[in-house]
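A structural walkthrough
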Amino acid sequence: NAGVTQTPKFRVLKTGQSMTLLCAQDMNHEYMYWYRQDPGMGLRLIHYSVGEGTTAKGEVPDGYNVSRLKKQNFLLGLESAAPSQTSVYFCASSPPWKRGDNEQFFGPGTRLTVL
Amino acid sequence: QQQVKQSPQSLIVQKGGISIINCAYENTAFDYFPWYQQFPGKGPALLIAIRPDVSEKKEGRFTISFNKSAKQFSLHIMDSQPGDSATYFCAASIFFQGAQKLVFGQGTRLTINP
């Protein structure tokens, strides 16, 4: 099993450009998440999905859109990139919520720089 | 209040010493408290986790101590090794708006000197 994979690994954009980050998981997990990681701020939830065809906003959703057309894939889009979106982006997946046991499995991350 | 506060931001420990990282939370609805370990260039991975009805959990050299009344929990790494050098994140889980969510602390960069 590959677990959670992300493409691309690195990307440099100019302000105003758009791009899509792809996340794929082969664990048949219902839930998928997109986080951004910035120094001193931990991981912050951007958007999440509780199943195919569903998406919802997390803590810092502005400037991002997502889609979950297939259960195994979760796409994160930046329509018009800004320097404030320079960050490392992580995708994660997990099985449905179970009280007291909720491990999330993370991908290796995408390092995005917006100039 | 869905925040988790983690300290210190960075920590240097000698090989064989004890590393201690602390976290505090406010929301009593959190029901699961994991610690994630992240090596440079990698994604976070679950290290150890505890439920709020347990005061301590030990797995090898790693122990979580949980104080429900103080709303604090900590990670202790005994006999710290250079291979433990990584960034550690505490987190708290809550079921909110139809999904389980993790709220992460700010992270602690741990360096173990040989």
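**Notes on the nonpolar core**
Judged by nonpolar contacts, the single largest core of 26 residues is most densely connected at B:Val4, B:Phe30, B:Phe33, B:Trp35, B:Phe73, B:Leu75 and B:Tyr88. Elements with a minimum of two residues in this core: strand 2 (10–14), strand 3 (19–25), strand 4 (33–38), strand 5 (45–50), strand 7 (62–67), strand 8 (72–77), strand 9 (86–96) and strand 11 (108–113) of chain B. Broken down by element, the residue count for this core peaks at five residues, all from strand 9 of chain B. Setting aside residues up to four positions removed in sequence, B:Phe73 forms contacts with B:Val4, B:Ile21, B:Asn22, B:Cys23, B:Tyr25, B:Phe33, B:Trp35, B:Ser65, B:Phe66, B:Cys90 and B:Ala91. Counting residues in hydrophobic clusters, the runner-up holds 19 residues, among them A:Met19, A:Ile46, A:Val66 and A:Leu76.

**Regarding the layout of surface pockets**
Space inside the largest pocket adds up to approximately 680 Å³. Lining the largest pocket are 27 residues, with A:Gln37, A:Arg111, B:Gln38, B:Thr87 and B:Arg109 sitting closest to its centre. At the level of elements, strand 9 (87–94) and strand 11 (110–114) of chain A together with strand 9 and strand 11 of chain B are the ones that each hand at least two residues to the lining of the largest pocket. Top contributing element to the lining of the largest pocket by residue count: strand 9 of chain B, with three residues. By residue class, the composition of the lining of the largest pocket is nine nonpolar, 13 polar and five charged. By volume, the second largest pocket amounts to about 350 Å³. Looking at the second largest pocket, it is lined by 16 residues, and the ones nearest its centre are A:Arg44, A:Glu59, B:Gln2, B:Val103 and B:Phe104. Among the secondary structure elements, those contributing two or more residues to the lining of the second largest pocket are strand 5 (43–49) of chain A together with strand 10 (99–104) of chain B. Considering every element that reaches the lining of the second largest pocket, the biggest residue donor is strand 10 of chain B, with four residues. Counted by class, the lining of the second largest pocket contains eight nonpolar, five polar and three charged residues.

**Overview of the pairing of strand 3 (residues 19–25) of chain A**
All names here are of chain A. With burial as the criterion, only one face of strand 3 is covered, namely that bearing Met19, Leu21, Cys23 and Gln25; the residues Thr20, Leu22 and Ala24 on the opposite face remain uncovered. Examined bridge by bridge, strand 1 (residues 4–7) and strand 3 share four bridges and lie antiparallel to one another. Along strand 3, the bridge assignment pairs glutamine 6 with cysteine 23.

**Notes on the sheet that holds strand 7 (residues 64–67) of chain A**
Residue and element names in this part refer to chain A. Reading across the sheet, the four strands line up as 1-3-8-7 and stay open at both edges, with antiparallel pairing between neighbours. Strands at the two margins of the open sheet, each flanked by one partner only, are strand 1 and strand 7. Averaged over all pairs of adjacent strands, the angle between their axes in this sheet comes to 20°, without regard to strand direction. With six bridges connecting them, strand 3 and strand 8 (residues 73–78) associate as antiparallel partners. From the neighbouring strand, leucine 21 faces strand 8, where its bridge partner is leucine 76.

**A closer look at the sheet that holds strand 6 (residues 56–59) of chain B**
Residues and elements named next belong to chain B. Overall, antiparallel pairing links the five strands, which are arranged 1-3-8-7-6 in an open sheet. For this open sheet the edge positions go to strand 1 (4–7) and strand 6, each flanked by a neighbour on one side alone. Geometrically, the sheet is characterised by an average inter-axis angle of 15° between neighbouring strands, direction not taken into account. Where strand 7 meets strand 8, six bridges bridge the pair, whose relative direction is antiparallel. Paired with asparagine 67 across the bridge in strand 8 is glutamine 72.

Basis of the calculations
- Residues numbered from 1 in each chain as written.
- Chains lettered and ligands numbered in written order.
- Predicted model: local features only at pLDDT ≥ 70, side-chain atom pairs only at ≥ 80, totals over all residues.
- Heavy atoms only, no water.
- Core = buried A, V, L, I, M, F, W, Y, C linked by side-chain atoms within 4.5 Å.
- Buried < 20%, exposed > 50% of the residue type's maximum accessible area, 1.4 Å probe, protein only.
- Helix = DSSP H or I, 4+ residues; strand = E, 2+ residues; numbered from the N terminus.
- Contact = heavy atoms within 4.5 Å.
- 1 Å grid on protein atoms, 1.4 Å probe; cavity = no way out; pocket = protein on both sides within 12 Å on 5 of 7 lines; lining within 4 Å.
- Points joined across faces, edges and corners; volume = space filled by probe spheres on them.
- Nonpolar A, V, L, I, M, F, W, Y, C, P; charged D, E, K, R; others polar.
- Pairing = 2+ DSSP bridges.
- Axes fitted to C-alpha atoms, helices over the stretch in contact; angles between N-to-C directions.

These results come straight from atomic positions and should not be treated as a statement about function.
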